[in-house]
Amino acid sequence: MKFYRIEDSTNLKEVGMVPQRGEMSDGLHMDDPRHLFNQPDIGALSEEVYVPSFRLRSKAKLTDVISFPINSDWIVSERFKSTFEAEEIDNVQFIPIYIFKKDEAHQYFLLRALKVCMECIDFSNTTISIMKTTWEEEKRIQVKDLNEFQILVESTRLPQSIKISAFKISEKCNYDFIRLDYTYGVPTFFISERLKEILLQNKITGIRYMELDEVL
């Protein structure tokens with residue numbers, strides 16, 4: 001199954017301005033452990049977590065995906081959420097959030113991955129970079145499977161880091177939506193070609209679809 005990397009749109013005709021997400025509303029102090037900003041970036045959130053509202057920036061338009069994720073969570077519309085639910089995408093959680101355009105509140109949701117699907121990487125066709133710094137590569141290596149990769153991650157110490165610089169997604173991956181870490185330097189979402197076509201048919205806005213080796 002073919003997969004695409006998904007990113008928020010930078011098409012100004014579609015989104016108005018980048019990023020779209022603007023100021024956070026007043027409320028619970030960010031130092032409070034219940035605040036969204038203090039939660040792990042993977043796994044289900046408790047109902048007790050405080051989710052602040054945000055304003056849309058002045059020239060930004062309301063789209064199905066609002067650019068500038070919160071931690072690793074995307075901001076998505078009810079229409080986006082309904083599409084995922086209709087397709088029974090079950091490895092995600094949707095958390096209600098309000099986005100204000102001027103003084104009008106609009107219901108949105110945080111799209112949160114419940115797991116990282118590193119088992120979906122075909123490590124036999126993957127190149128891994130050992131990085132000296134964020135931008136400077138020290139060397140490239142290969143591992144034979146996920147177990148070897150996990151050992152590599154556990155044995156790597158700062159200032160070195162791991163970046164998956166070229167990879168393929170396994171034909172055995174049976175998800176339509178996955179999150180992968182260590183790719184492109186940040187946690188990244190990927191969708192199957194099947195789900196991409198459904199999102200296109202439903203005219204989901206604010207999203208762009210990229211090949212795995214495509215540069216931003």
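Quick look at the structure, then.

What counts as what
Residues numbered from 1 in each chain as written. Predicted model: local features only at pLDDT ≥ 70, side-chain atom pairs only at ≥ 80, totals over all residues. Heavy atoms only, no water. Pairing = 2+ DSSP bridges. Helix = DSSP H or I, 4+ residues; strand = E, 2+ residues; numbered from the N terminus. Axes fitted to C-alpha atoms, helices over the stretch in contact; angles between N-to-C directions. Contact = heavy atoms within 4.5 Å. Phe/Tyr/Trp six-rings, centres within 6.5 Å; stacked < 30°, edge-to-face > 60°. Buried < 20%, exposed > 50% of the residue type's maximum accessible area, 1.4 Å probe, protein only. Salt bridge = Lys/Arg side-chain N within 4 Å of Asp/Glu carboxyl O. Polar contact = N/O pair within 3.5 Å; in protein donor to acceptor, adjacent residues only side chain to side chain.

Notes on the sheet that holds strand β1 (residues 3-8)
The pairing of strands in a sheet happens through backbone hydrogen bonds and is either parallel or antiparallel. On the basis of which strands lie adjacent, the open sheet formed by four strands has the order β11-β12-β1-β13 and antiparallel pairing. Two strands close off the open sheet at either side, each with one partner strand: β11 (177-180) and β13 (207-210). For this sheet, the mean inter-axis angle between neighbouring strands, taken without regard to orientation, is 35 degrees. Inspection of the sheet shows β11 paired to strand β12 (residues 188-192) by four bridges, in the antiparallel sense. Its bridge partner lying in β12, L180 is registered against T188. Of the strands in this sheet, β1, β11, β12 and β13 are in contact with helix α4 (residues 193-201), which crosses β12 at around 90 degrees.

Here we look at the packing of aromatic side chains
Overall, the coordinates contain 10 aromatic pairs when judged by the stated rule. With centroids separated by 6.2 Å and ring planes inclined at 85 degrees, the aromatic side chains of F84 and F94 adopt a geometry described as edge-to-face. With F84 in helix α2 (residues 78-86) and F94 in strand β6 (residues 92-101), this residue pair connects regions lying 10 residues apart in the sequence. On the basis of relative accessible area, F84 is assigned to the buried category, the value being 1%. Note on F94: relative accessible area 16%, which makes it buried. Relative to Y184, the ring of F167 lies with its centre 6.2 Å away and its plane at 70 degrees, an arrangement referred to as edge-to-face.

Structural notes on the pattern of salt bridges
Summed over the entire model, instances satisfying the criterion amount to 14 salt bridges. Its salt-bridge partner being E136, residue K132 comes within 3.9 Å of it at the nearest N-O pair. Look at E136 and you get partly exposed, because its relative accessible area is 41%. Residues D176 and R194 are paired through a salt bridge, measuring 2.8 Å at the closest nitrogen-oxygen approach.

Points about the side chain of T63
The topology assignment puts T63 in the loop between β3 (54-56) and β4 (65-70). Looking at T63, the relative accessible area reads 4%, which means it is buried. Those residues in contact with T63 that lie beyond four places of it in its chain are E14, V15, Q20, Y108, T205 and G206.

Looking at the sheet that holds strand β8 (residues 127-131)
Strands sit in the order β9-β8-β10 across an open sheet of three strands; the sheet is antiparallel. Strand pairing shows two members of the sheet lacking a second neighbour, β9 (137-141) and β10 (161-166), which therefore form its edges. Adjacent strand axes in the sheet meet at a mean angle of 30 degrees, parallel and antiparallel pairs treated alike. Where β8 lies against β9, four bridges are found, and the strand directions are antiparallel. Within the sheet, the bridge partner assigned to S129 lies in β9 and is R140.

A look at the environment of Y98
Its place among the elements puts Y98 in strand β6. A relative accessible area of 42% means that Y98 is categorised as partly exposed. Expressed as a C-alpha distance, the spacing of Y98 and S53, which sit 45 residues apart in the sequence, is 5.0 Å. Not counting residues within four places of it along the chain, the set of residues in contact with Y98 comprises S53, F54, A105, H106 and Q107. At 3.5 Å, the side chain of Y98 and the side chain of Q107 are in polar contact.

Here's the deal with the environment of S192
Tracing the sequence through the fold places S192 in strand β12. Taking the relative accessible area as the measure of exposure, S192 reaches 0% and is therefore buried. S192 has contacts with M1, K2, F3, Y175 and D176, leaving out every residue within four places of it along the chain. Of note is the side chain of S192, whose polar atom sits 2.5 Å from the side chain of D176.

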